[in-house]
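# Per-entry structural report
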Amino acid sequence: ETSRQLALIPGLETQPETETIGNGSLVQTDHGWFYIGIPIGIVEADQERVYFISPSAPLSQQLLGKKSGDQILINNTLYTIELVR
């Protein structure tokens, strides 16, 4: 599994500024930062935690196609999307 995930790294790139969330998006919500692309866990950056999650994760599936200001409900927790990069 680790080898499979590492093989995905060269293909990762951050999406250009866009309104909608897609694979490669960095998303700020009221519950933290999420990078949709590869499930490597939590990375500390500039005193913030960024959760790296798979595009197939349930949270990702709810976020994909959404934009800043949208909300999603997952596991009885409401997430408000604040910023999409």
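Up top you'll find the structure we're talking about.
Keep in mind it's a predicted model, so treat the numbers as computed, not measured.

## Section: unusual backbone geometry
Despite not being glycine, Asn-75 has its phi angle at roughly 50 degrees, a positive value. Relative to the assigned elements, Asn-75 resides in the loop between strand S5 (71-74) and strand S6 (77-84). You can call Asn-75 exposed: its relative accessible area is 71%. At Asn-76, a residue that is not glycine, the phi angle is positive and equals roughly 60 degrees. Positionally, Asn-76 belongs in the loop between S5 and S6. Note on Asn-76: relative accessible area 75%, which makes it exposed.

## A closer look at the packing of aromatic side chains
Going through the model one piece at a time under the given rule, you end up with 3 aromatic pairs. Ring centres 6.3 Å apart and planes at 65 degrees place the aromatic pair Phe-34 and Tyr-79 in the edge-to-face group. Note that Phe-34 is positioned in strand S2 (residues 32-36) and Tyr-79 in strand S6, a separation of 45 residues in sequence. On the basis of relative accessible area, Phe-34 is assigned to the buried category, the value being 6%. Centre to centre, the rings of Tyr-35 and Phe-52 are 5.1 Å apart; their planes meet at 40 degrees, and the pair counts as tilted. Residue Tyr-35 is located in strand S2, and its partner Phe-52 is located in strand S4 (residues 48-53); the two are separated by 17 residues in the primary sequence. You can call Tyr-35 buried: its relative accessible area is 8%. Here a set of aromatic residues connected by ring pairs shows up, and it is made of Phe-34, Tyr-51 and Tyr-79.

## As for the pairing of strand S1 (residues 26-29)
On S1, burial follows the alternation: Val-27 and Thr-29 on one face are buried, whereas Leu-26 and Gln-28 on the facing-out side are not. Of the pairings in the sheet, the one linking S1 to S2 comprises 4 bridges and is antiparallel in character. Directly across from Val-27, in S2, lies its bridge partner Phe-34. Between S1 and S2, which pair antiparallel and follow one another directly, the connecting turn spans 2 residues. As paired strands, S1 and S6 are joined by 3 bridges and run antiparallel to one another. In the sheet register, Val-27 faces S6, and the bridge partner there is Val-84.

About the criteria used
Residues numbered from 1 in each chain as written. Predicted model: local features only at pLDDT ≥ 70, side-chain atom pairs only at ≥ 80, totals over all residues. Heavy atoms only, no water. Helix = DSSP H or I, 4+ residues; strand = E, 2+ residues; numbered from the N terminus. Buried < 20%, exposed > 50% of the residue type's maximum accessible area, 1.4 Å probe, protein only. Phe/Tyr/Trp six-rings, centres within 6.5 Å; stacked < 30°, edge-to-face > 60°. Pairing = 2+ DSSP bridges.

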